[in-house]
Amino acid sequence: MIKSKYVGASIGGIATKISNYARRRMFATLMRLAQPTEETTVLDVGVTCDRRLDSNFFEKLYPYPHKITAVGLEDASFLEVEYPGLKFVQTDGLRLPFPDKSFDLAVSFAVLEHVGDRAQQRTFIHELCRVSRACCITTPNRWFPIEFHTVLPLIHWLPPNFFRWILNHTGKNFWAKEENLNLLGQKELLSLFSSDRITCYHHKLLGLVSNLFVYKN
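- With an unreviewed UniProt entry as reference, the protein chain is termed Class I SAM-dependent methyltransferase, source organism Iningainema tapete BLCC-T55.

What follows is the structure in structure tokens.
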């Protein structure tokens, strides 16, 4: 597993602001659905050492950061300094070192598309659901016309082999690897959940579905 797998693309100031806006809206949806209190224990899977505006945004916005356990592949232990009471665990989201139902709520924002093939994505979801009583997972919608990591239009609608071939031949080799970018539409996303107690919400940009938001309780 590549160290920087969970790190977003460096796509410029405007795109970062758009991403931050979208994530704030998804955060608002989460707070409305989960209605956490100061006693709610939360696991955030996919924090990073990146300190851009839209990185680790959940910790920045959540009103009770001392109740968060943050998990990431990279060393993001600085979060324990920035948010007193927060606990950071450097580990793989595919093998979470926590007992079943350890947390009231598990969240993961825009990480699922970076964990590998469909089997690994299914394992990632299973782990989040296993260790929590309620779970929120978001991912970019493959069928939005702009691919957010590469900022290229439409080519991600091609069969994956063609999409990756083009990325390899346009200097975007990192994103050409399935282990670093494996996009999902709603059908693929929902097929990875074993429970029927899930709801998929749509977040839109310019009137089109840009992000998929799944909530399980």
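### Comments concerning the pattern of salt bridges
Argument step 1. Summed over the entire model, instances satisfying the criterion amount to five salt bridges.
Argument step 2. Where Asp104 meets Arg133, a salt bridge forms, and the shortest distance between an N and an O atom there is 3.3 Å. Residue Asp104 is found in strand S4 (residues 103-109), and its partner Arg133 is found in strand S5 (residues 132-140); the two are separated by 29 residues along the sequence.
Argument step 3. By relative accessible area, Asp104 is classed as partly exposed at 26%.
Argument step 4. Residue classification places Arg133 among the partly exposed positions, given a relative accessible area of 47%.
Argument step 5. If you follow the salt bridges from partner to partner, you end up with Asp100, Glu127 and Arg130 in one network.

### Let's talk about helix H5 (residues 160-168)
Argument step 1. Three or more residues of H5 are buried, namely Phe163, Arg164 and Leu167. An end-on view of H5 places all buried positions within 95° of arc, on one side of the element. Of the exposed residues in H5, those oriented more than 90 degrees away from the buried face are Asn161, Phe162 and Trp165.
Argument step 2. Close packing links the buried residues of H5 with strand S6 (146-147), strand S7 (152-153) and helix H6 (173-176).

### Let's talk about helix H4 (residues 118-130)
Argument step 1. Given a rise of 1.5 Å per residue, 13 residues ought to cover 18 Å, and the 18 Å separating the end C-alpha atoms of H4 matches this to within 8%.
Argument step 2. Of all the positions in H4, only Gln121, Phe124, Ile125, Glu127, Leu128, Cys129 and Arg130 are classed as buried.
Argument step 3. Against strand S1 (42-45), S4, S5, helix H7 (186-191) and strand S9 (208-216) lie the buried residues of H4.
Argument step 4. Sitting at the amino-terminal end of H4 is Asp117, which places a side-chain oxygen 3.1 Å from the backbone nitrogen of Ala119.

### A look at the pairing of S4
Argument step 1. Burial analysis of S4 places six of its seven residues in the buried class, which makes it a mostly covered element.
Argument step 2. Looking at chain direction, S1 and S4 are connected through three bridges and run parallel. Bridge pairing in S4 links Val42 to Leu105.
Argument step 3. Bridge analysis of S4 against S5 gives six bridges, and the strand direction is parallel. What sits directly across from Ser108, in S5, is Ile137.
Argument step 4. One crossover worth recording links S4 to the parallel S5 by way of H4, and it is right-handed.

Conventions we followed
Residues numbered from 1 in each chain as written. Predicted model: local features only at pLDDT ≥ 70, side-chain atom pairs only at ≥ 80, totals over all residues. Heavy atoms only, no water. Salt bridge = Lys/Arg side-chain N within 4 Å of Asp/Glu carboxyl O. Helix = DSSP H or I, 4+ residues; strand = E, 2+ residues; numbered from the N terminus. Buried < 20%, exposed > 50% of the residue type's maximum accessible area, 1.4 Å probe, protein only. Arc of directions from axis to C-beta. Contact = heavy atoms within 4.5 Å. Expected span 1.5 Å × (residues − 1). Polar contact = N/O pair within 3.5 Å; in protein donor to acceptor, adjacent residues only side chain to side chain. Pairing = 2+ DSSP bridges. Right-handed = clockwise from strand over helix to strand, strands pointing away.

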